[in-house]
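Coordinate analysis (summary)
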Amino acid sequence: QVQLVESGGGLVQAGGSLRLSCAASGRTFSSYAMGWFRQAPGKEREFVAAISWSGGSTDYADSVKGRFTISRDNAKNTVYLQMNSLTTEDTAVYYCARSAYSGARTSSTDYNYWGQGTQVTVSS
């Protein structure tokens with residue numbers, strides 16, 4: 001069974017930065033793509049960023065391009081999301097997910113394991 005545990009969320013002022021981490025259990029972490037999604041109050045869950053199994057390919061939502069960076073450390077079974085220039089629009093619960101595929105995917109239906117989420121709140 002795969003378990004994903006996010007950390008690093010919190011309260012930050014607009015313009016600030018946060019780094020989210022997601023630690024995965026299991027020995028197959030390096031075989032699969034990973035992704036970050038978020039869900040704001042009253043809104044549907046949306047794609048944020050994804051990274052391929054090797055880290056060689058990434059994809060981002062247009063709303064975070066140039067501000068967020070996804071990375072992974074397969075030796076540590078961990079994926080990261082560096083978030084810079086945060087705005088109030090980034091306030092949401094952020095979820096880490098493991099894909100059923102090796103390449104970066106943007107659809108939530110391509111992910112079969114999910115973390116419990118970590119709250120990110122950006123104040124103005």
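See the structure shown above.
For the structure given in this document, a descriptive report is provided here. Keep in mind that what you see is a predicted model, and the values were worked out from it rather than measured.

Along the backbone of the protein chain there are zero helices and 11 strands. Against the globule reference of 14 Å for 124 residues, the protein chain gives a C-alpha radius of gyration of 13 Å, in line with a compact fold. Each principal axis of the C-alpha atoms in the protein chain carries an extent, and together these give about 40 × 25 × 25 Å. Sorting the 124 residues of the protein chain into buried and exposed places 44% on the buried side. Long-range contacts, defined here as pairs at least 24 residues apart, represent 59% of the contacts in the protein chain between residues at least 6 apart. Carbon and sulfur atoms form 44% of the exposed surface of the protein chain, whose accessible area is close to 6200 Å². A distance of 7 Å separates the average location of the 11 positive side-chain charges in the protein chain from that of its 9 negative side-chain charges.

Counted by the stated rule, this structure contains one disulfide. Here Cys-22 is linked by a disulfide to Cys-96, with a sulfur-sulfur distance of 2.0 Å. Here the S-S torsion is close to -75 degrees, and the disulfide linking Cys-22 with Cys-96 is therefore left-handed. Here the residue Cys-22 occupies a position in strand S3 (residues 18-24), and Cys-96 occupies one in strand S9 (residues 92-99), the gap between them amounting to 74 residues. Here Cys-22 falls in the buried class, since its relative accessible area comes to 0%. For Cys-96, a relative accessible area of 0% puts it in the buried group.

Each pair of aromatic rings is reported with the distance of its centres and the angle of its planes. Tallied over the entire structure, the rule returns four aromatic pairs. Members of the aromatic cluster, each reached through a chain of ring pairs, are Phe-37, Phe-47, Tyr-111 and Trp-114. In this structure, Arg-19 is placed above the aromatic ring of Tyr-80, and the distance from its NZ or CZ to the ring centre is 4.0 Å.

Ranked by internal contacts, the top residues of the largest apolar core, which has 33 residues, are Trp-36, Val-79, Leu-81, Met-83 and Tyr-94. If you list the elements that add at least two residues to this core, you get S3, strand S4 (34-39), strand S5 (46-51), strand S7 (68-73), strand S8 (78-83), S9 and strand S11 (118-123). Per element, the largest residue contribution to this core is five residues, and it comes from S5.

About the criteria used
- Residues numbered from 1 in each chain as written.
- Predicted model: local features only at pLDDT ≥ 70, side-chain atom pairs only at ≥ 80, totals over all residues.
- Heavy atoms only, no water.
- Helix = DSSP H or I, 4+ residues; strand = E, 2+ residues; numbered from the N terminus.
- Rg over C-alpha atoms; globule rule 2.2 N^0.38 Å.
- Buried < 20%, exposed > 50% of the residue type's maximum accessible area, 1.4 Å probe, protein only.
- Contact = heavy atoms within 4.5 Å.
- Areas by Shrake-Rupley, 256 points an atom, 1.4 Å probe, with all protein chains shown as cover.
- Lys, Arg positive; Asp, Glu negative; His and termini not counted.
- Charge placed at Lys NZ, Arg CZ, Asp CG, Glu CD.
- Disulfide = S-S within 2.5 Å.
- Phe/Tyr/Trp six-rings, centres within 6.5 Å; stacked < 30°, edge-to-face > 60°.
- Lys NZ or Arg CZ within 6 Å of the ring centre and 35° of its normal.
- Core = buried A, V, L, I, M, F, W, Y, C linked by side-chain atoms within 4.5 Å.

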